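# Close look at the chain arrangement
So you can see what is in the structure, the chains are spelled out below.
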Amino acid sequence: MQTHLLLPTRTISPLSNGCAATASASSPWMAARLRRLPSGLQSVTGRGKFSLAAISLDEYLPMRSTEVKNRTSTGDITSLRLITAVKTPYLPDGRFDLEAYDSHINMQIEGGAEGVIVGGTTGEGHLMSWDEHIMLIGHTVNCFGTRIKVIGNTGSNSTREAVHATEQGFAVGMHAALHINPYYGKTSIEGMVSHFVAVLPMGPTIIYNVPSRTAQDIPPEVIVAISRYPNMAGVKECVGHERVKHYTDKGIAIWSGNDDECHDSRWKYGATGVISVASNLVPGLMHSLMYEGENAALNEKLLPLMKWLFCQPNPTALNTALAQLGVARPVFRLPYVPLPLEKRIEFVSIVEAIGREKFVGQKEVRILDDDDFVLISRY
């Protein structure tokens, strides 16, 4: 027996934070972005009288109210001043060294970091399989999720991969996602907006703009277009102070992506805080830099360390530093290799100038020999 059910036309809005709602297409652009569920006669075959809902496969089902209450709010993310782009340490066979990782996260929490980026550029997410990536996000949430905000880097140059990884990241409990613009292949302005719109409904999201790595700037028109979405937490911005001020004047939360600019971005240009590489090494000092008002003297003291950390593409220097501090094993996944000897010697001098007690770890800093490092090409 065949039963016919007439369904009214409904619209799922990406502005609804994952919940079904009637959308108001107030602009041609938004009208084009919102898709209507099919309406008309839908057939159900079988002995029962249960109807099948007509749902577009690329839309999102509404969450129950209890699920909404248990989700991290965007406001919980925009309040964070110090977020560490955390390093991923390895065992000699190239697997994750979770014991060293857990110790490092604990030191970040004790030093005042309020969030961690898991599997970002610094954490070498681009050298991980997605299984490794999601496992590390889930592990961090399981061990530390009540003490620090876990922000998973689930961005990709493929929208399909970004959507899938973000679904998995939120499924294992991450508090927010970090998303870069599509790199290498690049895309148009409209394509960039569409890429971000595809992931924004899932949960709080930080957009990451670093043209030096993607070869394409995310222009203000893109950020302004997606800033109306409730899950848009803000931007990790690496372009500079002028861009930071442009956004903060519009009320958009910004984290400096440049350690050497973060003090001025925070106190002179209105940035919320910093997503930091240096805080892997000196979280307490970076916390002071973000919380205790303008402190030009402390900023000057840290600048040699910040500049040393980027003497080669990140995370080459950070990996070398953590190995010399005894916080991580001197194991590198290729294509990263340790800094040359003269730079390793320079790091020891920087540590002595700032004070060993300000850095993570308990061991004495030492100069490692070339033979101390293990380079892994297959893992």
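Residues numbered from 1 in each chain as written. Predicted model: local features only at pLDDT ≥ 70, side-chain atom pairs only at ≥ 80, totals over all residues. Heavy atoms only, no water.

Under an unreviewed UniProt entry, the name given to the protein chain is 4-hydroxy-tetrahydrodipicolinate synthase, and the organism recorded is Urochloa decumbens. Taken from UniProt, the Function (unreviewed entry) comment for the protein chain reads in full: "Catalyzes the condensation of (S)-aspartate-beta-semialdehyde [(S)-ASA] and pyruvate to 4-hydroxy-tetrahydrodipicolinate (HTPA)." UniProt, in its Pathway (unreviewed entry) section for the protein chain, records the words "Amino-acid biosynthesis; L-lysine biosynthesis via DAP pathway; (S)-tetrahydrodipicolinate from L-aspartate: step 3/4." (UniProt positions renumbered as here; feature names shortened; annotations may be inferred.)

The next point concerns the overall build of the protein chain. Check the secondary structure of the protein chain and you find 15 helices and 12 strands. Classification of the 379 residues of the protein chain by burial places 54% in the buried group. Taking as baseline every contact in the protein chain between residues at least 6 positions apart, the subset at least 24 positions apart corresponds to 71%. Summing over all exposed atoms, the protein chain offers an accessible surface of approximately 17,500 Å²; the carbon and sulfur share of this is 51%. (Helix = DSSP H or I, 4+ residues; strand = E, 2+ residues; numbered from the N terminus. Buried < 20%, exposed > 50% of the residue type's maximum accessible area, 1.4 Å probe, protein only. Contact = heavy atoms within 4.5 Å. Areas by Shrake-Rupley, 256 points an atom, 1.4 Å probe, with all protein chains shown as cover.)

As a further point, take the nonpolar core. Membership of the largest hydrophobic core comes to 62 residues, with the highest contact counts inside it found for Leu 281, Met 286, Leu 302, Leu 305, Leu 309, Phe 347 and Phe 359. Per element, the largest residue contribution to this core is 7 residues, and it comes from helix H13 (residues 296-309). Sequence-distant contacts of Phe 347, that is, excluding residues within four places in its chain, are made with Leu 281, Leu 305, Trp 308, Ala 321, Gln 324, Leu 325, Phe 359 and Val 365. Counting residues in each nonpolar core, the second largest holds 19 residues, with Phe 196, Leu 200, Ile 223 and Ala 225 among its members. (Core = buried A, V, L, I, M, F, W, Y, C linked by side-chain atoms within 4.5 Å.)

Let us now look at the sheet that holds strand E6 (residues 176-180). Sheet architecture is closed into a barrel: 8 strands sit in the order E3-E4-E5-E6-E7-E8-E9-E10, paired in parallel fashion. Direction aside, neighbouring strands of the sheet carry axes that sit 25° apart on average. Relative to strand E5 (residues 149-153), strand E4 (residues 115-118) runs parallel, the two being bridged by 4 bridges. Each residue of the ladder has a partner; that of Gly 115, found in E5, is Lys 149. (Pairing = 2+ DSSP bridges. Axes fitted to C-alpha atoms, helices over the stretch in contact; angles between N-to-C directions.)

With 5 of 5 residues buried, E6 is to be regarded as a mostly interior element. Of the two faces of E6, the one lined by Ala 176, Leu 178 and Ile 180 and the one lined by Ala 177 and His 179 are each fully buried. Where E5 meets E6, 3 bridges bridge the pair, whose relative direction is parallel. Bridging from a neighbouring strand, Asn 153 pairs with Leu 178 of E6.

Applying the stated criterion to the full structure yields 10 salt bridges. When the shortest N-O distance is used, the salt bridge between Asp 370 and Arg 344 registers 2.6 Å. Pair noted here: Asp 370 is in the loop between helix H15 (341-354) and strand E12 (374-376) and Arg 344 is in helix H15, with a separation of 26 residues, a long-range link. Each of Asp 217, Glu 237 and Arg 243 takes part in one network of salt bridges that share partners. (Salt bridge = Lys/Arg side-chain N within 4 Å of Asp/Glu carboxyl O.)

Turning next to the packing of aromatic side chains. Applying the stated rule across the entire model yields 4 aromatic pairs. Residues Phe 332 and Phe 373 carry aromatic rings whose centres are separated by 5.7 Å and whose planes lie at 75° to one another, so their mutual orientation is edge-to-face. Here Phe 332, found in strand E11 (residues 331-333), pairs with Phe 373, found in the loop between H15 and E12; they are 41 residues apart in sequence, far enough to count as distant. Looking at Lys 236, its charged tip hangs above the ring of Tyr 208, at a distance of 4.1 Å from the centre. The ring centre of Trp 267 lies 4.2 Å from the NZ or CZ of Arg 266, which sits over that ring. (Phe/Tyr/Trp six-rings, centres within 6.5 Å; stacked < 30°, edge-to-face > 60°. Lys NZ or Arg CZ within 6 Å of the ring centre and 35° of its normal.)

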